[in-house]
Structures are given as C-alpha cells and as structure tokens.
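Architecture and fold: a report
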Amino acid sequence: MIVMNVVVNGEERVLPAGATVADLLTELGLPSAGIAVAVNGEVVGRARHASTVLPDEALVEVLTAVQGG
C-alpha cells in the first residue's frame, strides 16, 4: 500500500495515498457536521470533503464547534 504523511492539528499521521478530507474525518472518528477543516491554510467546505484529496505533507487543521455559555 502506498502511503502519505500529513500533519493534523500538529500531530503527524500516515494515511493511504489519495485519501480525502472525508477519509481523514472518518479515520479520526469525527462527523462531517459541526467540523471546520483547513488544508494548507485553505478552508475546505463540507460539500468538498469527499472530493478534496489531501496532498502528501499537507498541514491540516480540524476544528469542532462547541456550544456553551
């Protein structure tokens, strides 16, 4: 299997080559709703999660929405 390295919220991860943002969220056990994702500084909207392929050595930031007061 061909793999690639990405950095997610400062932590290195190994993913299969060709993995998408949606694949990463599944790997992390996160839902697509209530999540904001940026790849190399560019925000990736939820509608593009399944079609956005992560490049090798990508810097990914994943933020979750938190409610409270």
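Along each chain, numbering runs from 1 in the same order as the chain's sequence is written. Local features in a predicted model are, by the rule used here, given only for residues with pLDDT of at least 70; side-chain atom pairs are given and counted only at 80 or more, and totals for whole chains, interfaces and linings are based on all residues. Excluding hydrogens and water, the side-chain values take into account all heavy atoms of the structure.

In the nomenclature of an unreviewed UniProt entry, the chain corresponds to Thiamine biosynthesis protein ThiS from the organism Actinophytocola xanthii.

1. Brief notes about the nonpolar core
By size, the foremost hydrophobic cluster in this structure holds 16 residues, and its most contacted members are Leu-15, Val-21, Val-37, Val-39, Leu-54 and Val-60. In this text, helices come from DSSP runs of H or I with a minimum length of four residues, and strands from runs of E with a minimum of two, each type numbered from the N-terminal end. Those elements giving two or more residues to this core turn out to be β1 (3-8), α1 (21-28), β3 (35-39) and β5 (59-64). In what follows, a contact means two residues having at least one pair of non-hydrogen atoms within 4.5 Å. Excluding its chain neighbours within four sequence positions, the residues that come into contact with Leu-15 are Val-3, Met-4, Val-6, Leu-24, Glu-27 and Leu-54. The criterion is simple. A nonpolar core is a set of buried Ala, Val, Leu, Ile, Met, Phe, Trp, Tyr and Cys residues joined through side-chain atoms within 4.5 Å. Exposed residues in this analysis have more than 50% of their type's maximum accessible area, buried residues have under 20%, and partly exposed residues fall in between, with area computed by a 1.4 Å probe over protein chains only.

2. What about the UniProt feature "domain: TGS" (unreviewed entry) in the chain?
When the UniProt feature table is mapped to this numbering, "domain: TGS" (unreviewed entry) covers residues 1-64. Span residues 1-64 is 12% helix and 41% strand, its end C-alpha atoms 31 Å apart. UniProt positions are given in the numbering used here, feature names are shortened, and annotations may be inferred rather than shown by experiment.

3. Structural notes on the pairing of β3
With respect to burial, β3 is a largely interior element, four of its five residues being buried. Strands were regarded as paired on the criterion that DSSP finds at least two bridges between them. Note that β3 and strand β4 (residues 42-44) share three bridges and pair antiparallel. Note that in β4 the partner of Val-39 across the bridge is Glu-42.

4. Side note on the environment of Glu-11
By the element assignment, Glu-11 lies in strand β2 (residues 11-16). Since its relative accessible area comes to 47%, Glu-11 is described here as partly exposed.

5. Remarks on α1
Listed in full, the buried residues belonging to α1 are Val-21, Leu-24 and Leu-25. Axial view of α1: buried residues confined to an arc of 100°, hence all on one face. Relative to its buried face, α1 has exposed residues pointing more than 90 degrees away, namely Thr-26 and Glu-27. If you follow the buried residues of α1, they end up packed against β1, β2, β3, β4 and β5. Throughout, the arc means the angular range of directions from the helix axis out to the C-beta atoms.

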